[in-house]
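Each chain is listed here by its residues.
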Amino acid sequence: MKNSRNEKRSQHPNVETQASLKWEKGYKNVEVFSKEHLAVSLAYDVAQLSTKFTKERGAFTVALSGGSLIKYLRKLVDSPYAETIDWSKWHVFWVDERVVPKDNLESNYKLANDGFLSKVPIPPLNVYSIDDSLPPDGAADVYETTLRRLVTSNVIATSTNGLPKFDLMLLGMGPDGHVASLFPGHPLLNEDQKWISFLNDSPKQPPERITFTFPVINASSNVAMVVTREFTTSSKDGRRGRALEQNVPYSSDLLALQPSIQRSQEQTPTSKDLLALQPSIQRLA
Ligand SMILES: O=C1O[C@H](COP(=O)(O)O)[C@@H](O)[C@H](O)[C@H]1O
């Protein structure tokens, strides 16, 4: 069955060519969808990337967020993608994880497993969840060691500056503007040595988490930032004026960015771009 995005595309003779060029040439784009169309479009784009990287590299490395993102992956587990994607080539990671047992309702692994991973035949050994028996610092170290091993064995590609280069990173954005577990104003925003860091003081529960750092997020080949929510900051509290003075997009600007930004290395946003998407951040860029 064709999805509505494909139906729309089929009305335009060159559109499939354009769609594949999109991933070849690299671009940075904002697309706005209804929530239903977002799931359809996201599945289409993820499937395209899966095909491209599986063909080029023999592997497809995807880093997932938790939160609302997972429900927008729902079309990927349906026909035609359930049958056409080569799931055996997928390697799945988490851009951030709450340091809780894997069966805890707060676990990003549990969320992804229940809503997505358990429904597709990705080899269990290709699913890299955290060691939930360790405290945050240990879990972060072990996760970074795992990434380093996979970079060495070329399962994960490497950027020119030696960072892991994930084929696709799927980011959400919290109500305060956080991405991964990088929260506005938190010192971890400045971490530029570690690939994976940890925090014990997340403003959002639970407090103990590990997270990819900005250099790793920015090194990835493609990022889809899936933003579908309202933000807690509002024009009533006067922050909009301050945000505009600082050239920082505010919540209403972010709403206009719904829901996906895709890009590749040729137009790589820097951490400054991502920081600019965090509405209430107080930081000298
Ligand atoms: O705590 C987290 O929140 C963000 C955003 O989640 P959402 O439910 O507001 O979309 C998520 O991206 C992150 O992975 C998660 O740990």
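Residues numbered from 1 in each chain as written. Predicted model: local features only at pLDDT ≥ 70, side-chain atom pairs only at ≥ 80, totals over all residues. Heavy atoms only, no water.

J.: What exactly am I supposed to notice about the overall build of the protein chain here?
T.: Across its full length, the protein chain holds 10 helices and 11 strands. Counting only residues that meet the buried cut, the protein chain has 53% of its 285 residues in that class. Contacts in the protein chain between residues at least 24 apart in sequence constitute 75% of all its contacts with a sequence separation of at least 6. Working note: accessible area of the protein chain is about 13000 Å², and carbon and sulfur atoms make up 52% of it. (Helix = DSSP H or I, 4+ residues; strand = E, 2+ residues; numbered from the N terminus. Buried < 20%, exposed > 50% of the residue type's maximum accessible area, 1.4 Å probe, protein only. Contact = heavy atoms within 4.5 Å. Areas by Shrake-Rupley, 256 points an atom, 1.4 Å probe, with all protein chains shown as cover.)

J.: Help me out: how do you make sense of helix α6 (residues 136–152) in this one?
T.: Residues spaced three or four apart along an α-helix point in a common direction, a consequence of the helix completing one turn every 3.6 residues. With 17 residues, α6 extends 24 Å between its outermost C-alpha atoms, agreeing within 8% with the 24 Å of an ideal straight helix rising 1.5 Å per residue. Of the surrounding secondary structure, the elements contacted by the buried residues of α6 are β3 (90–94), β5 (157–158), β6 (164–165), β8 (196–199) and β9 (209–212). (Expected span 1.5 Å × (residues − 1).)

J.: What am I meant to see in the packing of aromatic side chains here?
T.: Geometry of an aromatic ring pair is reported as the spacing of the ring centres plus the angle between the planes. For the structure shown, the criterion picks out nine aromatic pairs. Their ring planes at 80 degrees and their centres at 5.1 Å tell us that Phe60 and Trp90 sit as a pair that is edge-to-face. Of the two residues, Phe60 is situated in strand β2 (residues 60–64) and Trp90 in strand β3; the sequence distance between them amounts to 30 residues. For the ring pair Phe93 and Phe166, a centre distance of 5.0 Å and an interplane angle of 75 degrees mean the geometry is edge-to-face. Of the two residues, Phe93 is situated in strand β3 and Phe166 in the loop between β6 and β7 (168–171); the sequence distance between them amounts to 73 residues. Like Phe166, Phe93 is buried. Ring-pair connections join several aromatic residues into one group, and the members of that group are Phe53, Phe60, Trp87, Trp90 and Phe116. Above the ring of Trp195, the side-chain terminus of Arg148 is found at 3.9 Å from the ring centroid. (Phe/Tyr/Trp six-rings, centres within 6.5 Å; stacked < 30°, edge-to-face > 60°. Lys NZ or Arg CZ within 6 Å of the ring centre and 35° of its normal.)

J.: Honestly, the confidence of the model for the protein chain in this entry has me stumped. Any pointers?
T.: Reading fine detail from the predicted coordinates is not recommended where pLDDT is low. Mean pLDDT over the protein chain stands at 78; residues scoring 70 or higher make up 69%. With pLDDT under 50 throughout, residues 233–285 is counted as low confidence; its partners more than four residues away or in other chains account for 133 contacts. In the model output, the complex is listed with pTM 0.79 alongside ipTM 0.98. (pLDDT = per-residue confidence, 0-100.)

J.: Where do I start with the environment of Gly66 in this structure?
T.: Tracing the sequence through the fold places Gly66 in the loop between β2 and α4 (81–84). As a C-alpha pair, Gly66 and Gly177 span 111 residues in sequence and 14 Å in three-dimensional space. Apart from the residues lying within four places of it in its own chain, the contact partners of Gly66 are Asp96, Asn108 and Leu111.

J.: Please explain the sheet that holds β9 as it appears in this structure.
T.: In any sheet, the strands associate via hydrogen bonds between backbone groups, in a parallel or an antiparallel arrangement. The strand order across the open sheet built from three strands is β4-β9-β8, with neighbouring strands paired in antiparallel fashion. The strands lining the two open edges of the sheet, one partner per strand, are β4 (96–98) and β8. When the angles between neighbouring strand axes are averaged without regard to direction, this sheet yields 15 degrees. Examined bridge by bridge, β8 and β9 share four bridges and lie antiparallel to one another. Across the sheet, the residue bridging to Ile196 is Phe212, located in β9. (Pairing = 2+ DSSP bridges. Axes fitted to C-alpha atoms, helices over the stretch in contact; angles between N-to-C directions.)

J.: Is there a simple way to think about the environment of Asn113 in this case?
T.: Here Asn113 lies in helix α5 (residues 108–115). You can call Asn113 partly exposed: its relative accessible area is 22%. Counting along the chain gives 75 residues from Asn113 to Leu38, while the straight-line C-alpha distance between them is 21 Å.

J.: Hey, could you run me through the pattern of salt bridges in this one?
T.: Pairing between side chains of opposite charge can happen when the charged atoms of each approach one another. The final tally for this structure, using the stated rule, is 10 salt bridges. For Lys75, the salt bridge identified is with Glu36, shortest N-O distance 3.0 Å. With Lys75 in the loop between β2 and α4 and Glu36 in helix α3 (residues 35–57), the pair connects residues that are 39 residues apart, well separated along the chain. For Glu36, a relative accessible area of 41% gives the class partly exposed. (Salt bridge = Lys/Arg side-chain N within 4 Å of Asp/Glu carboxyl O.)

J.: Would you mind showing me how to read the sheet that holds strand β10 (residues 223–225) here?
T.: One open sheet accounts for four strands, arranged β3-β2-β7-β10; its pairing is parallel. Each edge of the open sheet is held by one strand with a lone partner, namely β3 and β10. Recorded for the sheet is a direction-independent mean angle of 20 degrees between the axes of neighbouring strands. Here β2 runs beside β7; their pairing, made up of three bridges, is parallel. Of the residues in β7, the one forming a bridge with Ala63 is Met169.

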